[in-house]
Amino acid sequence: MAHILSQTKSAAVNPLKSSQPLGAALAFLGVDGAMPLFHGSQGCTSFALVLFVRHFKEAIPLQTTAMDEVTTILGGADNLEEAILNLKVRTKPKLIGVCTTALVETRGEDSAGDIADIRLKHAEELAGTELILANTPDFDGAVEEGWAKAVTAMIEGITRPGEQVRQSKKIAILPGWNLTVADIEHLREMVESVGLEPLILPDVSGSLDGTVPDRWVTTTYGGISVEDIRELGTAEHCIAIGEHMRRPAEVLQKLTGVPYVLFQSLTGLKSADRFVSLLSAISGEPVPAGARRRRAQLQDALLDGHFHFGGKKIAIAAEPDQLYQLATFFIGMGSEIAAAVATTDMSKILEKVPAQSVQIGDLGDLEALAAGADLLVTHSHGRQAAQRLGIPLMRVGFPVFDRLGSQHKLTILYQGTRDLIFEVANIFQANQHAPTPEALDPFRKREMPDELLSSPVARH
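Each chain carries its own residue numbering, running from 1 in the direction its sequence is written. In view of the model being predicted, local features appear only for residues whose pLDDT reaches at least 70, and side-chain atom pairs are presented and counted only at 80 or more, with totals across whole chains, interfaces and linings using the full set of residues. Processing note: side-chain calculations cover all non-hydrogen atoms of the structure and skip hydrogens and water entirely.

(A) Highlighting the nonpolar core. Definition used in this section: a nonpolar core is a set of buried Ala, Val, Leu, Ile, Met, Phe, Trp, Tyr and Cys residues joined via side-chain atoms within 4.5 Å. Residue burial is assigned from relative accessible area. The probe radius is 1.4 Å, only protein chains are included, and a residue is buried under 20% of its type maximum, exposed over 50%, and partly exposed in between. Phe-52, Leu-201, Phe-275 and Phe-330 are the most contacted members of the largest nonpolar core, which has 106 residues in total. Setting aside residues up to four positions removed in sequence, Phe-52 forms contacts with Leu-22, Ala-25, Leu-26, Leu-29, Lys-57, Ile-60, Leu-62 and Phe-398. The criterion used for residue contact is that any of the two residues' heavy atoms lie within 4.5 Å.

(B) Representation of the pattern of salt bridges. Put simply, a salt bridge is a Lys or Arg side-chain nitrogen that is within 4 Å of an Asp or Glu carboxyl oxygen. By the definition in use, this model includes 16 salt bridges. As a salt-bridge pair, Arg-230 and Glu-130 come within 2.7 Å of each other at their nearest N and O atoms. Placement of Arg-230 in helix H9 (residues 226-230) and of Glu-130 in strand E5 (residues 130-134) is noted, with a sequence separation of 100 residues between them. The class for Arg-230 is partly exposed, based on a relative accessible area of 26%. The way it works is that DSSP assigns letters per residue, a run of H or I at least four long becomes a helix, a run of E at least two long becomes a strand, and they are numbered from the N terminus.

(C) Structural context of the UniProt feature "domain: Nitrogenase/oxidoreductase component" (unreviewed entry) in the protein. The residues that UniProt annotates with the feature "domain: Nitrogenase/oxidoreductase component" (unreviewed entry) are residues 19-428. For residues 19-428, helix accounts for 45% and strand for 16%, while the C-alpha atoms at its two ends are 32 Å apart. UniProt positions are given in the numbering used here, feature names are shortened, and annotations may be inferred rather than shown by experiment.

(D) Region of the structure containing the packing of aromatic side chains. Only Phe, Tyr and Trp rings take part, Trp by its six-membered ring, and two of them pair if their centres are within 6.5 Å. Stacked means planes under 30 degrees apart, edge-to-face means over 60, and tilted covers everything else. Across all of its chains, the model carries eight aromatic pairs by this definition. Taken together, the aromatic side chains of Phe-309, Phe-329, Phe-330 and Phe-428 make up a single cluster linked through ring pairs. Consider the ring centre and the ring normal. A charge sits over the ring if Lys NZ or Arg CZ is within 6 Å of that centre and within 35 degrees of that normal. In this structure, Arg-54 is placed above the aromatic ring of Phe-401, and the distance from its NZ or CZ to the ring centre is 3.9 Å.

(E) Layout of helix H10 (residues 246-256). Those residues of H10 not exposed but buried are Pro-248, Ala-249, Val-251, Leu-252 and Thr-256. Axial view of H10: buried residues confined to an arc of 160°, hence all on one face. Buried residues along H10 sit against helix H7 (143-158), strand E6 (167-174), strand E8 (235-241) and strand E9 (260-263). In the segment just after H10, Gly-257 is the residue with positive phi, at about 85°. Working definition: the arc comes from the directions between the helix axis and the C-beta atoms, pointing outward to the latter.

(F) Examining the pairing of strand E2 (residues 34-39) more closely. In terms of residue burial, E2 counts as a mostly covered element, since six of its six residues are buried. With burial as the criterion, each face of E2 is covered, one bearing Ala-34, Pro-36 and Phe-38 and the other bearing Met-35, Leu-37 and His-39. We treat two strands as partners when DSSP finds at least two bridges between them. In this sheet, strand E4 (residues 95-100) lies alongside E2 in parallel orientation, the contact comprising six bridges. When the sheet's bridge partners are listed, Ala-34 is paired in E4 with Leu-95.

(G) Local environment of the domain arrangement of the protein. We note that the domain assignment places domain 1 (3-9 + 306-431), domain 2 (20-140) and domain 3 (170-294) within the protein. Here the limits of each domain have been adopted from an automatic or database domain assignment. Each of domain 1 and domain 3 has a C-alpha centre, and these two points are 25 Å apart. With 23 residues of domain 1 in contact, the opposing surface of domain 3 contributes 26 residues. Taking both partners together, domain 1 and domain 3 bury about 2,300 Å²; carbon and sulfur atoms supply 61% of that area. Here a polar contact is recorded for every N or O atom pair within 3.5 Å, except that within protein the pair must consist of a potential hydrogen donor and a potential acceptor, and residues adjacent in sequence are included only if both atoms are side-chain atoms. On the surface where domain 1 and domain 3 come into contact, there are 13 residue pairs in polar contact (both at pLDDT 80 or more). Of all the secondary-structure elements, those providing two or more residues to the side of domain 1 that touches domain 3 are helix H13 (320-332) and helix H16 (413-430). A quick way to say it: buried area is the sum, across both parts, of accessible area lost when two parts are put together, with a 1.4 Å probe.

(H) Quick peek at the packing of helix H1 (residues 20-28) against helix H2 (residues 42-56). Relative to each other, H1 and H2 sit at 55°, their axes nearing to 10 Å. One finds that H1 runs oblique with respect to H2. For the pair H1 and H2, the sense of crossing is right-handed. Counted together, Leu-22, Ala-25 and Leu-26 of H1 and Ala-48, Leu-51, Phe-52 and Phe-56 of H2 form the full contact between these two elements. Side-chain classes are defined by residue name, with Ala, Val, Leu, Ile, Met, Phe, Trp, Tyr, Cys and Pro counting as nonpolar, Asp, Glu, Lys and Arg as charged, and the others, Gly among them, as polar. Class assignment of the residues belonging to the contact of H1 with H2 gives a composition of seven nonpolar, no polar and no charged. Simply put, an axis is a line fit to the C-alpha atoms, just over the touching stretch for a helix, and the angle between two N-to-C directions goes from 0 to 180 degrees. Roughly parallel means an angle under 35 degrees; roughly antiparallel, over 145; roughly perpendicular, 65 to 115; everything else is oblique. The handedness criterion is simple: a crossing whose near helix is rotated anticlockwise from the far helix by less than a right angle is left-handed, and one whose near helix is rotated clockwise is right-handed.

(I) Summary view of a nonpolar patch on the surface. Together, Val-70, Ile-73 and Leu-74 give the surface a local cluster of nonpolar side chains, amounting to about 340 Å² of exposed area. Within the element layout of this structure, Ile-73 appears in helix H3 (residues 69-74). For Ile-73, a relative accessible area of 62% translates into the label exposed. Exposure above 30% relative accessible area and the absence of a salt bridge qualify a residue for a patch, where like charges join within 9 Å and nonpolar side chains (Val, Leu, Ile, Met, Phe, Trp, Tyr) within 5 Å. The Shrake-Rupley method, run with a 1.4 Å probe, gives the accessible areas here. Residue values count only the displayed protein chains as cover.

(J) Molecular detail of the pairing of E4. Where burial is concerned, most of E4 is hidden: six out of the six residues are buried. Both faces of E4 are covered, namely the face carrying Leu-95, Gly-97 and Cys-99 and the face carrying Ile-96, Val-98 and Thr-100. Judged from the five bridges that link them, E4 and E5 form a sheet pairing that is parallel. Paired with Leu-95 across the bridge in E5 is Glu-130.

(K) Highlighting a negative patch on the surface. His is not counted, nor are the chain ends, whereas Lys and Arg count as positive and Asp and Glu as negative. Think of each charge as sitting on NZ of Lys, CZ of Arg, CG of Asp or CD of Glu. A contiguous patch of negative charge on the surface is contributed by Glu-189, Glu-192, Glu-197, Glu-227 and Asp-228. The set of elements that each furnish at least two residues to the negative patch consists of helix H8 (181-193) and H9. Mapped onto the elements, Glu-189 comes out in helix H8. Owing to a relative accessible area of 51%, Glu-189 belongs among the exposed residues under this scheme.

(L) Quick look at the sheet that holds strand E14 (residues 393-395). A sheet is described by the order of its strands in space; here six strands give the open sequence E1-E12-E11-E10-E13-E14, paired in parallel fashion. For this open sheet the edge positions go to strand E1 (3-5) and E14, each flanked by a neighbour on one side alone. Strand-to-strand twist across the sheet, computed as the mean angle between neighbouring axes with direction ignored, equals 20°. Against the sheet, H13 contacts strand E10 (313-318), strand E11 (336-342), strand E12 (357-360), strand E13 (375-378) and E14, and its axis sits at roughly 165° relative to E10. On top of the sheet, H16 reaches E10, E13 and E14; it is set at about 155° to E14, its chief contact.

Right, here's the structure in full:
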């Protein structure tokens, strides 16, 4: 069990984490016809919007209640009401996801009461639009918590409660925030290949996959529909992916009686086998030939790649569930976790990270712990630390803004695990150094004359 080391610094140096409101907004972006709304100042929204646009390279629908100095003192209820009504008139969203920021949370505003009043006061005007509130203060938690809170709020606010007629081929899937667009697309294909119908909440693969719509759309233009969220209770089973999705799965089960199974990771041969076997058991269908072939390809990749991983020291900084996903992958390949840094200590999964300790901190902590590592694994803000340490960087998580296609990289099941093996092995090969006689035989250095040791040939 990993020892969790609390953050002791009074300030973050090169921050690792992004905020809860950003995570909640990302979840709302996985719903068709949705509009995330930050309840706070313009600056909070602008910062998140810049990160979204740089990461996804897409136009992102994101709005703000634009609180100023006066409303910060007197209260932002009027701003919230005006923003919601303006969005309804101008963009006609099917869902408005309100994400609170530190400004209103610190002030102690009753956002839930304000939204209830707005619903009652403007019932006719807001007909056909769901108003969902996620309490997500910036000063607490990180992306994981924000994502999970938004999913939980959507289930509580939209899903029809009570036992319903189960549809044996329908399955609810609650993916973690760290699954990419490609991961979710691949997940859907795998579920459909055994004859099941997946309802994926949230489904960012429909709205953030880089598709250019044939018309200008002011809201999200893909993802799970509000109607499907309402009918989640008709699913036969629920699969949650990531420890932070346990709470939404529990709420769905309590609300509708749908049982759930939690996968803490879908990366690696064992996890993929367990997932595919579960799908086969639920559907009553044999594992498709395509999945069996991809499994065989992964086995070959494991044989080819493990030579490059053995004994390598890896330094990782990520959100808790992604940290666990990557650390277990590297350990399974024969590497060693030299440093593990997480954004928050709010997840129980940190205790299961295969490392001696997990530091709660920032990229400054990662840089201090990563000296001597063979690979740095974090998002794009880790590039300066990697350069200073002279260690190659593998970009994962959010944001990745200095590379194209980060959302189209597979990281799960047989094919995604194989792709990770190839990516990391190629990084190691591209950065390996030619061995010197001294490196191959340490005793040789003692026997060599000083003039030979100082020669260019001996040094290189």
